[in-house]
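# Understanding the architecture of this molecule
Listed here are the chains, written in short residue letters.
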Number of protein chains: 2
Amino acid sequence: MSQTITAGATDLEQLGINVIRGLAMDAPQKANSGHPGTAMALAPLAHVLWSRIMNYDPAEPTWPNRDRFVLSPGHACILQYSMLYLTGYGLTLDDIKAFRTPHSHTPGHPEANHGTPGIEVTTGPLGQGVANGVGLGIAERILRTRYGPEVMGHYTFVIVGDGCLMEGISHEAASLAGHLGLGRLIYIYDDNHITIDGPTEIALNDDPVKRFEAYGWHVENLGEISNDAEALEAGIRRAMAVEDKPSFLTLRSHIGYPSPKFTDDHRAHGDPLGEDEIKITKEILGLPPEEHFWVPDEVVEFYREAGARGAEARKAWEAGLAAHFAGPGSADKQSWAIQWGGIGADGWEAKLPTWSPGEKLATRASANAALNAIADVVPGIVSGGADLTGNTGTRLNDAIRQDRESPGGRQMAFGVREHAMGGIMNGMAAHGGIIPIGGTFFIFSDYMRGSVRLSALSEHKVIYFWTHDSVGLGQDGPTHQPIEHLAIMRATPGLRVIRPADANESAAALRIALESDGPTALILTRQAVPVLEGTADGEVDRGAYILVEGGDDPDVVLIGTGSEVSVCVEAAKLLEADGVRARVVSMPSWDLFDAQDDDYQDLVLGPGSPVLSVEAASSFGWSRWADDSVAIDHFGLSGPGDEVLAEFGFTPENVAGRAQALLDEIDNGSDDEFDSESEDGV
Amino acid sequence: MSQTITAGATDLEQLGINVIRGLAMDAPQKANSGHPGTAMALAPLAHVLWSRIMNYDPAEPTWPNRDRFVLSPGHACILQYSMLYLTGYGLTLDDIKAFRTPHSHTPGHPEANHGTPGIEVTTGPLGQGVANGVGLGIAERILRTRYGPEVMGHYTFVIVGDGCLMEGISHEAASLAGHLGLGRLIYIYDDNHITIDGPTEIALNDDPVKRFEAYGWHVENLGEISNDAEALEAGIRRAMAVEDKPSFLTLRSHIGYPSPKFTDDHRAHGDPLGEDEIKITKEILGLPPEEHFWVPDEVVEFYREAGARGAEARKAWEAGLAAHFAGPGSADKQSWAIQWGGIGADGWEAKLPTWSPGEKLATRASANAALNAIADVVPGIVSGGADLTGNTGTRLNDAIRQDRESPGGRQMAFGVREHAMGGIMNGMAAHGGIIPIGGTFFIFSDYMRGSVRLSALSEHKVIYFWTHDSVGLGQDGPTHQPIEHLAIMRATPGLRVIRPADANESAAALRIALESDGPTALILTRQAVPVLEGTADGEVDRGAYILVEGGDDPDVVLIGTGSEVSVCVEAAKLLEADGVRARVVSMPSWDLFDAQDDDYQDLVLGPGSPVLSVEAASSFGWSRWADDSVAIDHFGLSGPGDEVLAEFGFTPENVAGRAQALLDEIDNGSDDEFDSESEDGV
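Let me sum up the structure you'll find in this document. (Residues numbered from 1 in each chain as written. Chains lettered and ligands numbered in written order. Predicted model: local features only at pLDDT ≥ 70, side-chain atom pairs only at ≥ 80, totals over all residues. Heavy atoms only, no water.)

### Some words on the overall build of chain A
Short version of the rule: Helix and strand assignments follow DSSP, with helices taken as H or I runs no shorter than four residues and strands as E runs no shorter than two, numbered in order from the N terminus. Using C-alpha atoms as the atom set, the radius of gyration is obtained and then compared with a globule rule of 2.2 Å times the number of residues to the power 0.38. Burial classification: accessible surface area is computed with a 1.4 Å probe over protein chains only, and a residue below 20% of its type maximum counts as buried, one above 50% as exposed, and the rest as partly exposed.
Summing up its helical and strand segments, chain A has 24 helices and 20 strands in all. By the compact-globule yardstick of 26 Å for 682 residues, chain A fits well, its C-alpha radius of gyration being 28 Å. Seen through its principal axes, chain A has C-alpha atoms that stretch 90 × 60 × 45 Å. Taken over 682 residues, chain A has a buried fraction of 69%.

Spelled out as structure tokens, the structure:
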């Protein structure tokens, strides 16, 4: 292990590094919670990145061309918070002292878009940052290729831990990054040999160098230089010089360094060191042992100056941008403004197609048609699938595939990598300038849950095309047929979920997704569904609307979503023939409907009328809106989609019968309790 | 590419291989759906495995010591079905003709425990089989070490595709298998260079040999021998001879071979070839081009004989087993009977501890105490966490860690590999003899969704310990605080979900999990909760029961789950002081309660009484049981757990106030619609 004097650092830099280590001990101690060890170990690395390497302006944390920094092991965030405070992002020492307290700017893990400037992405769930970095890198390369290096040209630095690298998402993301040859990605592996359960060796013997070489990365084992500022800087600069491959640097570090008791000890990972050990460690570091949160003015000044240098770089960029756009490429200026800050060229929504009753097509196909209708005028769109690009409607007409040969290509081939696709989309959205669209079968949203939740928590504007959205997909069978997934996604806070009934609703859904500030999931059919009367001006924005009136005072209300709306329309006709006034409500989005006022909700649902929901999925949650549900509360079946749907009761005849049964139940006065069972197998 | 004559095969073997290829074309063609290409390409490999390598008895598909076969790219299942038919598992040619039709034994992907003998694990969602194989291998090694090679000693063969290897779960599983040194695992990589979107090269440039070397596997690139029976057999046998490492064999194959039009074409992946092309290909193969499902008797006889050889091996094993148990180790016999077919020694349930009111401990701690109380008498238990073993209550007292040095160890260190943990647990359960328990934070159930769903679909008896089950976990904040996860798991068909209120309920929950035939999720607290009066004989088996009576005709019913039950008990006292009779219902399990008859449900919920649910999670779904919910319909907050719970309304005072408000609302006659909003921030 190195001595506590950081090699290759001035006295002032040494002091700064040790002050960072002091904060890394003090803040978790005060919070009685937190992770001091990694932050202590990586203080020299943070120092080098923020004072010698990275290009950033603390006064303009969202400067488009800043270098991006990702701390994938987000539990070490006291390190990041300390740097944001020291370099002048507006975070104060009081914020550091408020570490891990409610409503502070310094929560237990870094949260993007939650009031802490300088946090690019939310990390904590391990491995996400590995994928986010790839998304940041792809976004940068696309924009650099499109607008030139005067407009965009930065690096993305990602610290990864052994936990991140054990997670499967790291494999998916790193494999794709190597394939794409993202030269401006620099990953630094904090190789501390420690996990929560003990030494990494109890569960991990991978050779990380060989592994990343297998992915096509530039790899360098930096070895025992975690406390050598000059060697760290030189190693990172060597990686920055490699333009055709992402770089993976392994850094042997010592968690908890230089605590005598906890260096290289797994207890330094997740627990405060304790006052006594902190005092002893501060003595070793030459910090006043009785002081807490001790930051001398000269250290603040040093880092503020580093930040101020970035301000100059930012001003130079702005001047260069003005000159660039004043030149022959001036048409770019407007495009750049839309790309960076807007959605599409004026009137982009008008390009969305409409369809007429009589046509019949899958909503994955109509969503794709809508996407292609606007792709030219919504420059931020980058679209693709997890090896299901054609199948999921995410293929752009004549689009160029994003790869080494076409670094501006906006057709993604994510490969069979759903989880990384989600994390990469989050990174793209976090970068700015890109609106990522990613598709897979709805069932495989299971594989991306970890990233999808962070889309929602971080309010990233990403759009999921989840297709093959019910047993209607057919023969692939139960392993591929979603049942509980609508409930899963509807239960996720902050995720907009839209299941369009037909082509017109799917175009509206795409528009809503593009106009939203956060993530949207479009739930789309594999099978063709008819275009319905009344959807061309349907109020998808309100989440639910009356498609078939059924009179002012209908006998029964049928709520359908997606492919089941057309079944409800046909069922209503059968009921009408039997003298029953049935209203049909199309409810593409619970969350949008939930946001409406009571009057509108009552207007649509007709308060007092019995309500039957019809959705080829779990009934879970439907008791909120409906008195009974035609639903599927078991796994699916391998067979032709129409046969399976019919067997499970999704026919006009069965729906009409179920509506009649609900009415009979009420007439018999037996509706004193809610019958939640779905009837199937009829 | 090789010629159509399979090298190193007799004429009869050649005929058999080509008949398999014929079935691989005919069945998808008849179903108008399915994946012929891979099955055609791998016919020689299947032939070699089933006729020259594997040890199995078709008449006894569950023979404990059979070799295990996993087809991770489950879409190629017509290959597996053909072998099961030919070797005599009871599958008929009519079953093959019924491929992908409803209720057939030959669904679109292989489904374990759904009536198709010989299917070890359910595959289809890519990558799962990679992890299942590791679980099968661990189970075999533990049992071999415990009972000796006379009782257990078989191989596990897993075919993996490029899609499987792109998935992150493959990284997690392979990394752990390399660490563990599972010598009896043989993986064969079907390297066909084709994915759904096109050639693999559009998204994948990994060096698989280097990658698996990095994991510590024995690796051999078999190259262009996919149509050479002798070379295939020799390559597999070389891998079988490597005892200290799992083996990874890469096999360059040609999807759709030998179809002139579709060989090496991605269209052969997911679509029938068409009648014309099938005829042409049959001619090339020397099969009668006009015949469908053509299987000459001598081919059936050939494979039935191969199966019959396995029957002799099985009989020899049975005789050896009898001799083994008759010897000095005869005590093993009873242990083996319990291990293979039972739960625990007689009276194992009686060893479960009980706790008394006044004690206070986290349910993760009481679940751990319950686990350790019975671990000695329930021999199947193998337990561990995804780098959170101590944190999740899955540590066994004095248990030995499963690794190379202690191959019988039943303390798993899964590493930070949640998804693989789930897939490995499924494999262990599928093997038989092992009851796997795996723990992680509840939030990271997101990372394992893909495997959890297959636990449920395949009815694998696995037990999840998901801890840190609410915002009560505290400072780690929103990235670590589950909100929607109870809804997610409750909505999943076939998954038993139990959230115990205290120590006594947690012991009962573990007992129920062990007695269940399928998967059970225990949802456990990080924070200490009081032991409650009445839980020691609480009816956890019925899903919900009355904990505080509140009179025959209570004014209001408070339903709590988990850590919120004690809050309800205190709230009931406050209400009582105000003259309100409040019943408290503990509802640890929705699915168990749902299985009760109406009378019991009415008895517990008191039909007619207003019901308030109290659960520190999303209200999603609660409208089924309750009129209003104290819930959290947004993301959490980083701060001390008790502060966050209080801020979100989980205090006796707020719950009592909300109950009173519900009663007032009814008194005012304004209860004409369900108010689903949860109130928080009070």
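### A closer look at unusual backbone geometry
That bond from tyrosine 257 of chain A to proline 258 of chain A is cis: its omega, 0°, falls within 30 degrees of zero. Following the sequence through the fold, proline 258 of chain A ends up in the loop between strand 7 (247–252) and helix 11 (267–270). Here the phi dihedral of asparagine 32 of chain A falls at roughly 55°; this positive angle occurs in a residue that is not glycine. Relative to the assigned elements, asparagine 32 of chain A resides in the loop between helix 1 (11–31) and helix 2 (36–41). One non-glycine residue, aspartate 387 of chain B, lies in the positive phi region at around 60°. Its place among the elements puts aspartate 387 of chain B in the loop between strand 9 (381–385) and strand 10 (411–413). Note on aspartate 387 of chain B: relative accessible area 9%, which makes it buried.

### Section: helix 14 (residues 331–341) of chain A
Residues and elements named next belong to chain A. Note the cut-off: Here, the arc refers to the directions that run from the helix axis to the C-beta atoms. Here a residue-residue contact requires only that any non-hydrogen atoms of the pair lie within 4.5 Å.
For helix 14, the set of buried residues is Trp336, Ile338 and Gln339. One face of helix 14 carries all of its buried residues, which in axial projection span an arc of 165°. Every exposed residue of helix 14 that faces more than 90 degrees away from the buried side is listed here: Lys333, Gln334 and Gly341. Elements in contact with the buried residues of helix 14: helix 6 (128–147) and helix 13 (297–326).

### So, the packing of aromatic side chains
All names here are of chain B. Selection rule: Pairing of aromatic side chains here covers Phe, Tyr and the six-membered ring of Trp, requires ring centres within 6.5 Å, and sorts the geometry by plane angle: under 30 degrees stacked, over 60 edge-to-face, intermediate tilted.
Going through the model one piece at a time under the given rule, you end up with 47 aromatic pairs over all chains. With a centroid separation of 5.2 Å and 70° between ring planes, the pair formed by tyrosine 147 and tryptophan 336 is classed as edge-to-face. With tyrosine 147 in helix 6 (residues 128–147) and tryptophan 336 in helix 14 (residues 331–341), this pair connects stretches of sequence that are 189 residues apart. Residue class for tyrosine 147 comes out buried when judged on its relative accessible area of 2%. Ring geometry for tryptophan 590 and tryptophan 625: centres 6.0 Å apart, planes at 85°, overall edge-to-face. Of this pair, tryptophan 590 sits in helix 21 (residues 590–594) while tryptophan 625 sits in the loop between strand 19 (611–614) and strand 20 (628–630), and the two are 35 residues apart along the sequence.

### Quick word on the interface of chain A and chain B
To keep things clear, this is the line we draw: Reported buried area values correspond to the accessible surface (1.4 Å probe) lost by two parts on association, with both partners' losses combined. The term salt bridge refers to a side-chain nitrogen of Lys or Arg lying within 4 Å of a carboxyl oxygen of Asp or Glu. We call two N or O atoms a polar contact when they sit within 3.5 Å, provided that within protein one can donate a hydrogen and the other can accept it, with sequence-adjacent residues counted only if both atoms are side-chain atoms. Three residue categories are used. Nonpolar comprises Ala, Val, Leu, Ile, Met, Phe, Trp, Tyr, Cys and Pro, charged comprises Asp, Glu, Lys and Arg, and polar comprises the others, including Gly.
With 103 residues of chain A at the interface, the matching set in chain B holds 103 residues. Taken together, both faces of the contact between chain A and chain B bury some 8100 Å²; the carbon and sulfur share is 55%. It is Tyr447, Arg453 and Phe620 of chain A in chain A that bury the most area against chain B; as a group they hold 9% of the surface buried on that side. With a shortest N-O distance of 2.8 Å, arginine 100 of chain A and aspartate 476 of chain B are connected by a salt bridge. Across the chain A-chain B interface, the total number found is 56 residue pairs in polar contact (both at pLDDT 80 or more). At the level of secondary structure, the elements contributing two or more residues to the side of chain A that touches chain B comprise helix 7 (162–166), helix 8 (168–180), helix 9 (208–214), helix 16 (418–431), helix 17 (445–457), helix 18 (485–491), helix 22 (598–605) and helix 23 (641–647) of chain A. Sort the elements by how many residues they give to the side of chain A that touches chain B and helix 17 of chain A lands first, with eight residues. In terms of residue class, the side of chain A that touches chain B is built from 36 nonpolar, 38 polar and 29 charged.

### Examining the relation of the copies chain A and chain B
Operational definition: Least-squares fitting of one copy onto the other uses the C-alpha atoms of those residues that reach a pLDDT of at least 70 in both copies.
Between chain A and chain B, the superposition needs a rotation of 180° and an axial shift of 0.0 Å, giving an RMSD of 0.0 Å. Here the transformation between the copies is reduced to the relation of a two-fold axis. The overlap is high: 100% of the interface residues of chain A also sit at the interface in chain B, so the same surface is used on both sides.

### Some remarks on the sheet that holds strand 10 of chain B
All names here are of chain B. What counts is decided by this rule: Any two strands with at least two DSSP-identified bridges between them are counted as paired. Lines fitted to the C-alpha atoms define the axes, with helices restricted to the stretch that makes contact. Angles between their N-to-C directions range from 0 to 180 degrees.
Within the open sheet, the six strands sit side by side as 10-9-11-12-14-13. Their pairing is parallel. Only two strands of the sheet have a single neighbouring strand rather than two, namely strand 10 and strand 13 (496–498). Each strand of the sheet is rotated relative to its neighbour by a mean of 20°, with strand direction disregarded. Against the sheet, helix 16 (residues 418–431) contacts strand 9, strand 10, strand 11 (435–441) and strand 12 (463–467), and its axis sits at roughly 165° relative to strand 11.

### Focus on the pattern of salt bridges
In this structure the tally under the stated criterion is 61 salt bridges over all chains. The partner of glutamate 539 of chain B in a salt bridge is arginine 542 of chain B, with the nearest N and O atoms 3.8 Å apart. Accessibility expressed as a relative area gives 36% for glutamate 539 of chain B, which makes it partly exposed. What makes arginine 542 of chain B partly exposed here is its relative accessible area of 29%. Taken together, the shared-partner salt bridges in this structure form one network comprising Glu13, Arg52, Glu233 and Arg237 of chain A.

### Quick word on the side chain of serine 613 of chain A
Residue and element names in this part refer to chain A. Within the element layout of this structure, serine 613 appears in strand 19 (residues 611–614). Residue classification places serine 613 among the buried positions, given a relative accessible area of 1%. With residues up to four places along the chain from it excluded, the contact list for serine 613 reads Ile559, Trp622, Ala626, Asp628, Ser629 and Val630.

### Quick look at the packing of helix 1 of chain A against helix 3 (residues 43–53) of chain A
Residue and element names in this part refer to chain A. Short version of the rule: Here is the rule for angles: anything less than 35 degrees is roughly parallel, anything more than 145 is roughly antiparallel, 65 through 115 is roughly perpendicular, and the remaining ranges are oblique. What makes a crossing left-handed is the near helix being turned counterclockwise from the far one by less than a right angle; a clockwise turn instead makes it right-handed.
One way to put it is that helix 1 packs onto helix 3 with a least axis distance of 9 Å and a crossing angle of 125°. With respect to each other, helix 1 and helix 3 are oriented oblique. Of the two elements, helix 1 crosses helix 3, and the hand of that crossing is right-handed. Two secondary-structure elements touch here, helix 1 through Glu13, Ile17, Ile20 and Arg21 and helix 3 through Ala43, Pro44, His47, Ser51 and Arg52. Partitioned by chemical class, the residues of the contact of helix 1 with helix 3 number four nonpolar, two polar and three charged.

### Focus on the pairing of strand 7 (residues 247–252) of chain B
Residues and elements named next belong to chain B. For clarity, the threshold we go by: Throughout, right-handed denotes a crossover for which the path from the first strand over the helix to the second runs clockwise when the strands point away from the viewer.
Counted residue by residue, strand 7 has five buried out of six residues, so it is predominantly covered. In the sheet, strand 3 (residues 185–191) pairs with strand 7 via six bridges, with the strands oriented parallel. Counted as the bridge partner of tyrosine 189 is threonine 250 from strand 7. Bridge count for strand 6 (residues 218–223) against strand 7 is five bridges, and the pairing is parallel. Bridge pairing in strand 7 places glycine 223 opposite leucine 251. What joins strand 6 to strand 7 is helix 10 (residues 229–241), and the crossover it makes is right-handed.

### Some details on empty space enclosed by the protein
Residue and element names in this part refer to chain B. Where we set the bar: A cavity here means a set of points on a 1 Å grid, drawn over the protein atoms and nothing else, where a 1.4 Å probe fits but cannot get out; a pocket is an open set with protein on both sides within 12 Å along at least five of seven lines, and a residue lines either one if it has an atom within 4 Å of a point. Grid points are joined across faces, edges and corners, and a volume is the space filled by probe spheres set on the points.
All chains considered together, the criterion is met by 14 cavities of 30 Å³ or more. Each pocket or cavity is described by its volume, and for the largest cavity that value is around 100 Å³. Lining the largest cavity are 13 residues, with Asp67, Phe69, Tyr89, Gly118 and Glu120 positioned closest to its centre. Elements represented by at least two residues in the lining of the largest cavity include exactly strand 1 (68–71) and helix 4 (77–87). In the lining of the largest cavity, the residues fall into seven nonpolar, two polar and four charged.

### A closer look at the environment of phenylalanine 293 of chain B
Residue and element names in this part refer to chain B. Here phenylalanine 293 shows up in the loop between helix 12 (275–285) and helix 13 (297–326). Sequence-wise, phenylalanine 293 and alanine 174 are 119 residues apart; in three dimensions their C-alpha atoms are separated by 38 Å. When residues no more than four places from it in sequence are discounted, the contact partners of phenylalanine 293 are Leu23, Asp26, Ala27, Lys30, Leu93, Ile96 and Lys97.

### Some thoughts on the sheet that holds strand 2 (residues 156–161) of chain B
All names here are of chain B. Taken in spatial order, the five strands of this open sheet run 1-2-3-7-6, and their pairing is parallel. Either end of the sheet is taken by a strand with one partner, and the two such strands are strand 1 and strand 6. Neighbour-to-neighbour, the strand axes of the sheet open up by a mean angle of 15°, direction not taken into account. Pairing of strand 2 with strand 3 involves six bridges; the strand directions are parallel. Within strand 3, the position partnered with threonine 156 by the bridge is leucine 185. Those strands touched by helix 3 (residues 43–53) are strand 1, strand 2, strand 3 and strand 7, and its axis lies near 180° from that of strand 2.

### Quick look at the state of the cysteines
The term disulfide refers to a covalent linkage connecting the sulfur atoms of a pair of cysteines. Selection criterion: Cysteine sulfur atoms are paired as a disulfide whenever they fall within 2.5 Å.
Inspection of the entire model under this criterion finds zero disulfides over all chains. Considering cysteine sulfurs only, cysteine 164 of chain B is the nearest to cysteine 77 of chain B, which forms no disulfide, with 13 Å between them.

### With respect to the packing of helix 6 of chain B against helix 8 (residues 168–180) of chain B
Residues and elements named next belong to chain B. Relative to each other, helix 6 and helix 8 sit at 25°, their axes nearing to 8 Å. It follows from the interaxial angle that helix 6 and helix 8 lie roughly parallel. Crossing hand, helix 6 versus helix 8: left-handed. For the pair formed by helix 6 and helix 8, the contact residues are Gln128, Val130, Ala131, Val134, Ile138 and Arg141 on the first element and Ile169, Ser170, Ala173, Ala177 and Leu180 on the second. Of the residues assigned to the contact of helix 6 with helix 8, the class counts are eight nonpolar, two polar and one charged.

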